[in-house]
Amino acid sequence: THGISWYPQYIDKKGFKNLRDRWKVNTIRLALYTEEYAGYCSGGDKKKLEELVVNGVEMATDLGMYVIVDWHILSDGNPNTHVKEAKAFFKKMSKKFKKNKNAIYEICNEPNSGTTWKEIKNYAKKVIPVIRKNSPKSVIVVGTPTWSQDVDIAAKSPIKNYKNIVYSLHFYSGTHKEDLRKRANEALKAKLPLLVTEFGITDASGNGKVNKKEAEKWIKFLRKNKIGFCIWNLSNKDESSALIRANCKKTNGWTDKNLTTQGKWYKKL
Ligand code: IDC
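The text that follows walks through the structure, step by step, so that each part is easy to find.

**What about the layout of surface pockets?**
Consideration 1: One number sums up the size of the largest pocket: a volume of about 650 Å³.
Consideration 2: Looking at the lining of the largest pocket, the elements with two or more residues in it are helix H1 (13-23), strand S1 (27-33), strand S2 (66-72), strand S6 (194-200) and strand S7 (229-231).
Consideration 3: Of the residues contributing to the lining of the largest pocket, the split by class is 21 nonpolar, 5 polar and 3 charged.
Consideration 4: The computed volume of the second largest pocket comes to approximately 370 Å³.

**Here's the deal with the sheet that holds S6**
Consideration 1: Read from one edge to the other, the open sheet built from 7 strands follows the order S1-S2-S3-S4-S5-S6-S7, with strand pairing classed as parallel. Since the sheet does not close on itself, it has two edges, and those belong to S1 and S7, each with one partner. Sheet twist, expressed as the average angle between the axes of neighbouring strands with direction ignored, equals 25°.
Consideration 2: In terms of strand pairing, S6 meets S7 through 2 bridges, oriented parallel. Within S7, the position partnered with Phe199 by the bridge is Ile231.
Consideration 3: Contacts from helix H2 (residues 46-62) reach S1 and S2 within the one sheet, and its direction differs from that of S2 by about 160°.

**With respect to the pattern of salt bridges**
Consideration 1: Applying the stated rule across the entire model yields 14 salt bridges.
Consideration 2: Among the ionic pairs, Asp70 bridges to Arg29, the shortest N-O distance being 3.2 Å. Note that Asp70 is positioned in strand S2 and Arg29 in strand S1, a separation of 41 residues in sequence.
Consideration 3: Judged by relative accessible area, which is 0%, Asp70 ranks as buried.
Consideration 4: Residue Arg29 is classed as buried on the basis of its relative accessible area, which comes to 5%.
Consideration 5: The network of salt bridges with shared partners includes Arg29, Asp70, Glu106 and Glu198.

**Here we look at the nonpolar core**
One broad rule of soluble globular proteins: the nonpolar side chains tend to lie buried together.
Consideration 1: Counting residues in each nonpolar core, the largest one holds 76 residues, and the members touching the most others are Trp71, Phe90, Ile107 and Val142.
Consideration 2: With 6 residues, the next largest nonpolar core counts Ile68, Ile104, Val166 and Cys230 among its residues.

Cut-offs applied
Residues numbered from 1 in each chain as written. Predicted model: local features only at pLDDT ≥ 70, side-chain atom pairs only at ≥ 80, totals over all residues. Heavy atoms only, no water. 1 Å grid on protein atoms, 1.4 Å probe; cavity = no way out; pocket = protein on both sides within 12 Å on 5 of 7 lines; lining within 4 Å. Points joined across faces, edges and corners; volume = space filled by probe spheres on them. Helix = DSSP H or I, 4+ residues; strand = E, 2+ residues; numbered from the N terminus. Nonpolar A, V, L, I, M, F, W, Y, C, P; charged D, E, K, R; others polar. Pairing = 2+ DSSP bridges. Axes fitted to C-alpha atoms, helices over the stretch in contact; angles between N-to-C directions. Contact = heavy atoms within 4.5 Å. Salt bridge = Lys/Arg side-chain N within 4 Å of Asp/Glu carboxyl O. Buried < 20%, exposed > 50% of the residue type's maximum accessible area, 1.4 Å probe, protein only. Core = buried A, V, L, I, M, F, W, Y, C linked by side-chain atoms within 4.5 Å.

Here is the structure:
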């Protein structure tokens, strides 16, 4: 999804079903911004946002899909900024979803602004036990430094004492290329489990020209290494990373002419 406070209408079971049946999607990632767009920690309506997350998880579950609960830090840079809220949020959610084996917890989208791996680990060590209390086995995704790119750094010092922890790798093929794949390879060589919880084929701004040639290289790399991937973003925002064209208001039942260049490319994948 895009930010669910901004685009709540896409939490639509029919839309998810279309993605599953026509696009062969098996995972929905629910992006809950913490800071931007009436974010969860910046004055947004917490109750309503939680309801959207719960609805999204229930819809995905009914449809037999995985669902990622994404604590979407971005302009807040360092996950420790809102660690208190994160703990309370994941406590509530992991309790609600303790029977949902398909629920995946992504505890910090993209640390940035110089946040170090050590700081992220400190944050993770506070949030993981909260989830583990309710959900001993669920998959937990930890963001890596520099907008979830420094997986090579994480690989040198992974989180100890917990199972089913994976590390996120994000890329936008208009911006990130062979150099990032090389670093991802280093992480894989060190046996770090990776999940691409977000990628696009535009540039890193989520806009600009699509780069399909580089995107094909990435997809080849991901398939070869059996790494799952979620595309950014399910919305009709007027930007090239949106899957739906700005003039289309439908949240399900899309035809190819409702899709952007990235949308069409992804559907065919
Ligand atoms: C972008 C959205 C854009 C929004 C911007 C700021 O596409 O509409 O205005 O965020 O909130 C990320 C982030 C993701 C970004 C995306 C594209 O996780 O929130 O979305 N991106 O810039 N990391 C790399 C790229």
